[in-house]
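Reading the structure
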Amino acid sequence: MKKRSFLHASLALLAAASTCSALGQPLTPLKFQLDWRFEGPAALFVHPEQKGYFKQAGLDVTVEAASGAGAIQRVASGTHDLGFADLAALMEFHANNPDAPIKPVAIMVIYNTTPASVMALKKSGITKASDLTGKKMGAPIFDAGRRTFPIFAQANGVGAVQWTTMDPPLRETMLVRGDLDAVTGYTFTSLLNLEARGIKAEDVVVLPYATHGVQLYGNVIIASPKLIAEKPEAVRAFLKAFAKGAKEAIADPQAAIASLKAKDGLVNVPLEVKRLKLTIDTAIDSKGAREEGFGQLRTERLGLMAEQVAKAYETKNPVPAQAVWNGTFLPSAAELDILPKR
């Protein structure tokens, strides 16, 4: 009995130690939801989790893959404290739900440039944006590129198109099969999905929104206003630890994906290293991020985006641009200096 009691006591002490920081203080538990599965971009968040950077900052962070409801809905429902979500979708939520008790707020920009693009096979004859007029296009109904396509179309003189809706796994299959002329999607997702279906990158026409007159921000870290009000230091600590891990992930994608593999054993390492590199090149290490600073945004650009999103999404109310953003918790300029030197 004494041995059993000793074992139970030891296990209890071990469990208590796992929830305490190096300073002996209890860790603050935080639940974070990704925007998608444990794929390349998720390594930006999983790497600091696996390396213990959140715990060193006094936080017990659980990074979860998306399942069912998106990060905005999870944070708005109160089940999660933080998440990773498209800023346009966050704007739509604020505009359409002015009386919601919990309205998530963006606290750091990760994709300074939207990764959305139009993709077509070269054999379709589509070479430029205006060629899309009258064509059959496809994407899931909630796809960010499809929802903001009116902005892309207006900027490039694209006329009416015919939309087909499908589940995400069928999008690239239908394009390869010839059921569609073009699709919208995040470049680092659709391009690699097309390659997986036997299409060479050189046989794909990619029309990135960012280089076709669409200056939308992409994904951001969002936080619950309750967390911001009650535990502001935890918000600051999270962003500092994240920035440390993200800097390492950008500098060494292979190591970052190794952390992702440790989290989810089903991760295809070569594929996700490639996806993370493509994410960095197309959405993170962009001209806008170099000019504005990683993690930050310009209020003028935010205001323009709010107007464009309200029109494209046909929101019930104008988008309250200033209400969706809180940049007061960002780390110092030195800590945000995470992009590779050129």
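Please read all numbers here as calculations on a predicted model, not as lab measurements.

So, about the packing of aromatic side chains. Under the criterion given, the structure shown has eleven aromatic pairs. Ring plane angle 25° and centroid distance 4.8 Å describe the contact between phenylalanine 45 and phenylalanine 242, whose orientation is recorded as stacked. Of this pair, phenylalanine 45 sits in helix α2 (residues 43-50) while phenylalanine 242 sits in helix α11 (residues 232-251), and the two are 197 residues apart along the sequence. Each member of the pair, phenylalanine 45 together with phenylalanine 242, is buried. The structure contains a cluster of three or more aromatic residues connected by ring pairs, namely Phe32, Phe45, Phe54, Phe84, Tyr111, Tyr186, Phe188, Phe238 and Phe242. Of note, lysine 244 hangs over the ring of tyrosine 53, and the distance from its end group to the ring centre comes to 4.2 Å.

Moving on, we come to the side chain of glutamate 272. Checked against the element boundaries, glutamate 272 lands in helix α13 (residues 269-284). For glutamate 272, a relative accessible area of 5% gives the class buried. Reaching out from glutamate 272, the side chain makes a polar contact with the side chain of arginine 275 at a distance of 2.7 Å. Apart from residues no more than four positions distant in its own chain, glutamate 272 is found in contact with Glu39, Gly40, Ile257 and Val267.

Attention shifts here to the environment of asparagine 268. As for its position among the elements, asparagine 268 is in the loop between α12 (253-263) and α13. C-alpha separation for the pair asparagine 268 and glutamate 39, spaced 229 residues apart in sequence, amounts to 8.6 Å.

Quick look at helix α15 (residues 299-313) now. With 15 residues, α15 should cover 21 Å at 1.5 Å per step; its first-to-last C-alpha distance of 21 Å lies within 8% of that length. Buried residues of α15: Arg301, Leu302, Met305, Ala306, Val309, Ala310, Ala312 and Tyr313, and no others. Each buried residue of α15 sits inside an arc of 170° when the element is viewed along its axis, so together they form one side. Of the residues in α15, the exposed ones pointing more than 90 degrees away from the buried face are Glu300, Glu307 and Lys311. Trailing α15 by a residue or two, glutamate 314 shows a phi angle of about 50°, which is positive.

As a further point, take the pattern of salt bridges. Using the criterion set out here, one finds 20 salt bridges in the structure. One salt bridge connects lysine 274 with glutamate 195, and the closest N-O pair in it is separated by 2.8 Å. Within this pair, whereas lysine 274 is found in helix α13, its partner glutamate 195 is found in helix α9 (residues 187-196), the two being separated by 79 residues in sequence. Here the salt bridges do not stand alone but share partners, grouping Arg37, Glu39, Glu272 and Arg275 into one network.

Moving on to the nonpolar core. Residues Phe238 and Phe242 are the most contacted members of the largest nonpolar core, which totals 115 residues. In terms of residue count, the dominant contributor to this core is α11 (ten residues).

Let us now look at the layout of surface pockets. Counted as a void, the largest pocket has a volume near 1200 Å³. Elements that contribute at least two residues to the lining of the largest pocket include exactly α4 (71-77), β3 (82-86), α5 (87-96), α6 (144-147), α8 (171-177), β8 (182-186) and α9. Considering only residue class, the lining of the largest pocket consists of 21 nonpolar, nine polar and eleven charged. Estimates place the volume of the second largest pocket at around 290 Å³. Around the second largest pocket, the lining comprises 20 residues; the ones closest to its centre are Thr113, Ala210, Thr211, Thr282 and Ser286.

The rules behind these values
Residues numbered from 1 in each chain as written. Predicted model: local features only at pLDDT ≥ 70, side-chain atom pairs only at ≥ 80, totals over all residues. Heavy atoms only, no water. Phe/Tyr/Trp six-rings, centres within 6.5 Å; stacked < 30°, edge-to-face > 60°. Helix = DSSP H or I, 4+ residues; strand = E, 2+ residues; numbered from the N terminus. Buried < 20%, exposed > 50% of the residue type's maximum accessible area, 1.4 Å probe, protein only. Lys NZ or Arg CZ within 6 Å of the ring centre and 35° of its normal. Polar contact = N/O pair within 3.5 Å; in protein donor to acceptor, adjacent residues only side chain to side chain. Contact = heavy atoms within 4.5 Å. Expected span 1.5 Å × (residues − 1). Arc of directions from axis to C-beta. Salt bridge = Lys/Arg side-chain N within 4 Å of Asp/Glu carboxyl O. Core = buried A, V, L, I, M, F, W, Y, C linked by side-chain atoms within 4.5 Å. 1 Å grid on protein atoms, 1.4 Å probe; cavity = no way out; pocket = protein on both sides within 12 Å on 5 of 7 lines; lining within 4 Å. Points joined across faces, edges and corners; volume = space filled by probe spheres on them. Nonpolar A, V, L, I, M, F, W, Y, C, P; charged D, E, K, R; others polar.

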